[in-house]
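Residue-level structural notes
Okay, here's what each chain looks like letter by letter:
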Amino acid sequence: MNKMFCFQCEQTAMSTGCTGNAGVCGKKFDTANLQDKLTGALIGLARGVDKATTTAATDKLMLEGLFTTITNVNFNNETISELIEQIAKEKATLANNCTDYDMKNLWEAQEDIRSLKSLILFGLRGVAAYAYHAMVLGYKNEQVNQFFYEGLRAVGDSNATVDSLLPLVLKTGEINLTCMTLLDKANTDSFGTPTPTTVSLTIEKGPFIVITGHDLYDLKLLLEQTAGKGINIYTHGEMLPAHAYPLLKKYSHLKGNFGTAWQNQQKEFDNLPAPILFTTNCLMPVRPSYADRVFTTEVVSYPELVHIGESKDFAPVIAKALELGGYAEDKVLTGINGGNNVTTGFGHGTILSVADKVVDAVKTGAIKHFFLVGGCDGAKTGRNYYTDFVKQAPKDSIILTLACGKYRFNDLDLGTIGGLPRIMDMGQCNDAYGAIKVAISLSEAFNCSVNELPLSIVLSWYEQKAVCILLTLLHLGIKNIYLGPTLPAFLSPNILNFLVENYNISPISTPEKDLKKILG
């Protein structure tokens, strides 16, 4: 008998599902079962509300609940149980008598129904993360918020059919596009328009704090609270693009970026002489050698770690930084390819500001192809494909990238074309919106569809935010996407065949074969 069932991430056991004492991510079976109970409670909440009855508190609870169930966010049974209790209280306040949903009904459903409902559910989890970050900055969208209820009702609908679910899968992608647009506005309104910025990987001597995750507002608060205290701040993982925002880069103690992608943290954080603040995923099971210096905030939670609550008083983190003292001398670190710095800040605002230059380079043949190579990184073997792909891409091509998958190659120096760097980091995973905006603008400039552009999309996926981005691309009708390292376990053969036939999605093979297939 299975102790748990989870197949929402790329690393799921045997590419079928985690069913034993713990998932590959480190989540224990009882935590996985509680997350299922939490999801069932959210479906129960969705069943009994409509637009007229939901409140800001209901919406916030919905976002927190969905965000909590994203891979590598919450390993803490206590805080998950508290959320379940809060949902029960909210249902009582709203006079909602609808029963919660038993997730076993989903996991044991007919495989095509399970596949489509999983696409919707996992997509909703990704969208919720983006909506949550926008909410923190004071930005909301009623259409986005209401779709969480609509989508979850469909997941819990025992009468749902393939024909009724397929449109909702694509609508999840449509709603995510709206949400990413909202978050883009929230970030640029709050922190300014990103500009190209070179970021050092060297850690200067003295006390420092590493901040990881996606929440730019938490970084802003940390920078404010550490100003003048002799403590340097270093980003990690998906926080790297923060260096490009004018309102954040003005802080002189925002020094650089520590380490590489999330899956290397257990090695890179080992005996680190500094605290680490997790604002979102990806948190891995914490090892004893650095457990006393890991702090969490927002929806991130892990047993026995210090959690910074709504007060956002980072005094314990600051005290730990001063106690540990940092390195005695400057510590020269590199990316995985040996580079000493990386560059970020090539958002849609920057690229479109030189659109005429890009168009001219294409027309003259200086740029013959664009590759969007990005997405989530991970620990599973085979992800060196993305490094090799970029290295082997023709010298007359431009590499656009985003999310933590870029750490596979973002320290490479591939030179420039007409003054434009061949590798352009567009930002975090949600900045896929910027990549879409650039693609649409280029298609308009060349009077063609996005699918007719000399543009190929090569995605790496790991967790649920990658799912909602994929659904957005499908909603837009974008075809010929290469996806890896493996295809999602939750895609049934029939649903996978539908995606192949209608969108020509391909699993990655080898860089050599795929480049030949793309370029002819």
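Relevant structure appears above.
In this text the structure is predicted, and so the values were computed from the model without any measurement. (Residues numbered from 1 in each chain as written. Predicted model: local features only at pLDDT ≥ 70, side-chain atom pairs only at ≥ 80, totals over all residues. Heavy atoms only, no water.)

The next subject is the packing of aromatic side chains. Tallying each qualifying case throughout the model produces 20 aromatic pairs. The interplanar angle of 85° and the centroid separation of 5.7 Å between the aromatic rings of Phe7 and Trp107 together place this pair among those described as edge-to-face. Linking Phe7 in the segment before helix H1 (29-47) with Trp107 in helix H4 (residues 104-107), this pair joins segments that are 100 residues apart in sequence. On the basis of relative accessibility, which here comes to 12%, the residue Trp107 falls in the buried class. With a centroid separation of 4.6 Å and an interplanar angle of 35°, the aromatic rings of Trp262 and Tyr462 are classed as tilted. Taken together, the residues Trp262 in the loop between strand E4 (254-257) and helix H10 (265-268) and Tyr462 in the loop between strand E14 (455-460) and helix H16 (464-475) connect sequence positions 200 residues apart. Three or more aromatic residues link up through ring pairs in this structure, and these residues are Phe5, Phe7, Trp107, Phe122, Trp461 and Phe490. One Lys or Arg, Lys3, reaches over the ring of Phe29 and ends 5.2 Å from the middle of that ring. (Phe/Tyr/Trp six-rings, centres within 6.5 Å; stacked < 30°, edge-to-face > 60°. Helix = DSSP H or I, 4+ residues; strand = E, 2+ residues; numbered from the N terminus. Buried < 20%, exposed > 50% of the residue type's maximum accessible area, 1.4 Å probe, protein only. Lys NZ or Arg CZ within 6 Å of the ring centre and 35° of its normal.)

Where helix H5 (residues 111-136) contacts helix H7 (residues 162-191), the two axes come as close as 9 Å, and the packing angle between them is 15°. Between H5 and H7, the angle falls in the class roughly parallel. Where H5 crosses over H7, the handedness of that crossing is left-handed. Among the residues forming the contact of H5 with H7, the class breakdown is 20 nonpolar, 4 polar and 2 charged. (Axes fitted to C-alpha atoms, helices over the stretch in contact; angles between N-to-C directions. Parallel < 35°, antiparallel > 145°, perpendicular 65-115°, else oblique. Left-handed = near helix turned anticlockwise from the far one by under 90°. Nonpolar A, V, L, I, M, F, W, Y, C, P; charged D, E, K, R; others polar.)

Before going further, it helps to examine the pattern of salt bridges. Scanning the entire structure with this criterion turns up 17 salt bridges. Note that Lys368 is salt-bridged to Asp396, the shortest N-O span being 3.8 Å. Of this pair, Lys368 sits in the loop between helix H13 (355-364) and strand E9 (369-375) while Asp396 sits in the loop between helix H14 (384-392) and strand E10 (397-401), placing them 28 residues apart in sequence. Lys368 gets classed as exposed once you look at its relative accessible area, which sits at 52%. Residue Asp396 is classed as partly exposed on the basis of its relative accessible area of 24%. Salt bridges here are not isolated pairs; linked through shared partners, they connect Asp292, Arg293, Lys320 and Glu323. (Salt bridge = Lys/Arg side-chain N within 4 Å of Asp/Glu carboxyl O.)

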